[in-house]
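# Fold and contact review
Next come the chains, spelled out residue by residue.
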Amino acid sequence: MKKVALISHGCAKNLVDSELILGALTQNGYEITLDEALTDIVIVNTCSFIHDAEKESIDTILELVNSGKKVIVSGCLAQKHGDELKKAIPEVSALVGTTDFGRIADIIKSIENGTEYIEKIKKNPDYIYPENIERQQITMGASSYIKIADGCNYRCGYCIIPHLRGNYHSRKMEDIIEEAKNLVGKGVTEIILIAQDTTGYGVDLYKKTVLAELLKKLNNIENIGWIRVMYAYPAQMTDELLDTIAQCEKVVKYIDIPLQHSHPEVLKRMNRPSFDYKPMIENIRKRIPGVAIRTAFIVGYPEETEEEFNHLYNFVKEMKFNKMGVFKYSREKGTLSYNMKPQVPKKVMNERYKKLMKLQQEISKSINETYIGKTIPCIIENYSDDGYVTARTQNDAPEVDGVVYIKTDKQVVPGDIENIKIIDCDEYDLIGNL
């Protein structure tokens, strides 16, 4: 049986695509490995959201072709750059766009039969989830992602995703519920719902957003521990959705809502919902007692003035978000903001980034200190190299948020939810005893 290796870059949504690629290969009789040393054919599923992500993907591709591997480049980088990528790295064996990964098994067969180069990239991608492929999970642990939709109908000024993925397409509710049941049957404790915009779920299929209904149905599945929703959109934070999150005991009280900025003029230039976000945040906190809110902001968007940045700084200072990411604006061809002038100098961007991150560290530390002495449920993840058990609270999503380091002599099992007494903290992580 022929072995094929896969390397996955980028976000959780890309990880699901990588697992679908592995599923398609398995269905076609290929053996999968995550160790590229064991095979001469390697798939690199790439990210192209910002410049740094592209560089990471390109570095991997160069390293592999230089070691003599036959490299299939799939995903966003291939979709975005296509011919340019082939000219820059002529040694690649295939380029596969964001919507053609179900054909990778056929592409590999052609390469094995001597075809030197294959390109499968749709000019106008339209991502439809391949329900006929069973995902082969790369990571089987406490948590697993379920992609409930892909593509995006919004056209934010900094974002290339609609060009790479097409318009918004929801999966059928029954398919999502079936996948959740299968994952729970494999021992997964936490289900994490993802899409470019989870709050828009169902708008294309059911002519209205039905995320609240989906959450209620998932909440009824036996043996699910936690259900988490990522990537909410400000304009879709309805009272019905908030009340559903509050009422469903398995849905964690955690809202991930990337706001991107606070100043109405910057939001207009970003082509984002431009309204005062403060009442919305207050409404979320009122309707979901004890909620943790994660958000993300962009500093250095074209034309951002000192006054506009200060507005954002003061907004963050007042709102005291539990979790926050800050991104420096990345100028991407094909976006509305690419030709905007003036572009903010990198030095200014870096200063704003550091200032906002320093503020958030102080806020995060003060929030973490409120947990000291409390006992809270945590999902066990694994053992760290220095003898601690690592876990997460309901307020922490995997990979992006903090962890709980636990001192214990007790045997624990990844995926189990244990009550942990918090004894100390730093800016982002907690320390506890079991």
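Notes on the structure follow.

Cut-offs and rules
Residues numbered from 1 in each chain as written. Predicted model: local features only at pLDDT ≥ 70, side-chain atom pairs only at ≥ 80, totals over all residues. Heavy atoms only, no water. Helix = DSSP H or I, 4+ residues; strand = E, 2+ residues; numbered from the N terminus. Rg over C-alpha atoms; globule rule 2.2 N^0.38 Å. Buried < 20%, exposed > 50% of the residue type's maximum accessible area, 1.4 Å probe, protein only. Contact = heavy atoms within 4.5 Å. Areas by Shrake-Rupley, 256 points an atom, 1.4 Å probe, with all protein chains shown as cover. 1 Å grid on protein atoms, 1.4 Å probe; cavity = no way out; pocket = protein on both sides within 12 Å on 5 of 7 lines; lining within 4 Å. Points joined across faces, edges and corners; volume = space filled by probe spheres on them. Nonpolar A, V, L, I, M, F, W, Y, C, P; charged D, E, K, R; others polar. Axes fitted to C-alpha atoms, helices over the stretch in contact; angles between N-to-C directions. Parallel < 35°, antiparallel > 145°, perpendicular 65-115°, else oblique. Pairing = 2+ DSSP bridges. Left-handed = near helix turned anticlockwise from the far one by under 90°. Phe/Tyr/Trp six-rings, centres within 6.5 Å; stacked < 30°, edge-to-face > 60°. Salt bridge = Lys/Arg side-chain N within 4 Å of Asp/Glu carboxyl O. Core = buried A, V, L, I, M, F, W, Y, C linked by side-chain atoms within 4.5 Å.

The next subject is the overall build of the protein chain. Counting its regular elements, the protein chain contains twelve helices and 19 strands. Relative to the 2.2 N^0.38 estimate, which gives 22 Å for 434 residues, the radius of gyration of the protein chain is 22 Å and therefore close to what a compact globule would have. Taken along the three principal axes of its C-alpha coordinates, the protein chain extends 65 × 55 × 50 Å. Across the 434 residues in the protein chain, those meeting the buried criterion constitute 56%. Long-range pairs, those at least 24 residues apart, make up 74% of the contacts in the protein chain with a sequence separation of at least 6. Counting only carbon and sulfur atoms, one obtains 49% of the accessible surface of the protein chain, whose full area is about 19,200 Å².

What follows covers the side chain of Asn14. By secondary structure assignment, the location of Asn14 is in helix α1 (residues 12-27). Classification of Asn14 as buried rests on a relative accessible area of 3%. Leaving out residues up to four positions away in the same chain, Asn14 has contacts with Ser8, His9, Asn45, Thr46, Cys47 and Arg165.

With that settled, the discussion passes to the layout of surface pockets. In this structure, the second largest pocket spans a volume of roughly 720 Å³. If you go around the second largest pocket, you meet 24 residues; those closest to its centre are His51, Tyr329, Ser330, Arg331 and Glu332. Taken together, the elements giving at least two residues each to the lining of the second largest pocket come down to α2 (51-66), α3 (76-88), β14 (323-328) and α12 (346-369). Examining the composition of the lining of the second largest pocket, we find that four residues originate from one element, α12, more than from any other. Of the residues that constitute the lining of the second largest pocket, the class distribution is nine nonpolar, six polar and nine charged.

Helix packing for two helices is described by the angle between their axes and how far apart those axes are. Running from amino to carboxyl end, α1 crosses helix α4 (residues 104-112) at an angle of 60 degrees, the nearest separation of the two axes being 8 Å. Here α1 is positioned oblique relative to α4, judged by the angle of their axes. Here α1 contributes Ile21, Ala24 and Leu25 to the contact with α4, which in turn contributes Ile104, Ala105 and Ile108. Split by residue class, the contact of α1 with α4 holds six nonpolar, no polar and no charged.

A few words on the sheet that holds strand β19 (residues 430-433). Around the barrel, five strands lie side by side as β15-β16-β17-β19-β18; this closed barrel has mixed pairing. Across the sheet, the mean angle separating the axes of adjacent strands is 50 degrees when strand polarity is ignored. Note that strand β15 (residues 375-383) and strand β18 (residues 417-425) share five bridges and pair antiparallel. Note that in β18 the partner of Ile379 across the bridge is Ile417.

Taken in spatial order, the three strands line up as β7-β10-β11 in an open sheet, and their pairing is parallel. If you trace the sheet from one side to the other, it starts and ends with β7 (143-147) and β11 (226-229), each paired once. With strand direction ignored, the average angle separating the axes of adjacent strands in the sheet is 25 degrees. Strands in contact with helix α6 (residues 173-185) are β7 and β10 (190-194); relative to β7, the strand with the most contacts, it is inclined by about 165 degrees.

Our focus in this paragraph is the packing of helix α8 (residues 239-247) against helix α10 (residues 277-287). Two numbers describe how α8 lies on α10: the axes approach to 9 Å, and their chain directions differ by 35 degrees. Between α8 and α10 the crossing geometry is right-handed. Two secondary-structure elements touch here, α8 through Asp239, Leu242, Asp243 and Ala246 and α10 through Asn283, Ile284 and Arg287. Tallied by class, residues from the contact of α8 with α10 come to three nonpolar, one polar and three charged.

Turning to the environment of Gly114, a few remarks are in order. Topologically, Gly114 is positioned in the loop between α4 and β6 (118-120). Residues Gly114 and Val65, 49 residues apart in the sequence, show an inter-C-alpha distance of 17 Å.

This part is about the environment of Gly75. Here Gly75 lies in strand β4 (residues 70-75). Judged by relative accessible area, which is 4%, Gly75 ranks as buried. C-alpha of Gly75 to C-alpha of Leu164: the two residues are 89 residues apart in sequence and 8.6 Å apart in space.

With that out of the way, let us pick up the packing of aromatic side chains. Going through the model one piece at a time under the given rule, you end up with eleven aromatic pairs. Between Phe297 and Phe315 the ring centres are 6.3 Å apart and the planes differ by 85 degrees, which places this aromatic pair in the edge-to-face class. Here the residue Phe297 occupies a position in strand β13 (residues 292-299), and Phe315 occupies one in helix α11 (residues 306-319), the gap between them amounting to 18 residues. Note on Phe297: relative accessible area 0%, which makes it buried. The exposure class of Phe315 is buried, given its relative accessible area of 8%. What links up through ring pairs into an aromatic cluster is the set Tyr158, Tyr301 and Tyr329.

With that settled, the discussion passes to the pattern of salt bridges. One pass over the full model with this rule turns up 33 salt bridges. Note that Asp17 is salt-bridged to Lys147, the shortest N-O span being 2.8 Å. Remark: Lys147 occurs in strand β7 and Asp17 occurs in helix α1; sequence separation between them is 130 residues. In this structure Lys147 comes out as buried when scored by relative accessible area, which is 1%. A cluster of three or more residues bridged by salt bridges with shared partners is formed by Glu19, Glu131, Arg135, Arg171 and Glu179.

Over the atoms rolls a probe the size of a water molecule, and in doing so it shows where empty space is left. Enumeration over the complete set of coordinates arrives at four cavities of 30 Å³ or more. Considering only enclosed or pocket space, the largest cavity measures out at about 70 Å³ in volume. Taken together, the residues that form the lining of the largest cavity break down as five nonpolar, four polar and two charged.

Among the nonpolar cores identified, the biggest contains 83 residues, and Leu193, Leu214, Ile284 and Leu356 are the most heavily contacted of them. Among all residues touching Leu356, those that are not within four sequence positions of it are Phe297, Val299, Leu312, Tyr313, Val316, Met324 and Val326. Core analysis: the next-biggest nonpolar cluster, separate from the first, contains 37 residues, Leu6, Ile133, Ile194 and Tyr254 among them.

Spatial relationships are all this shows, so hold off on functional conclusions.
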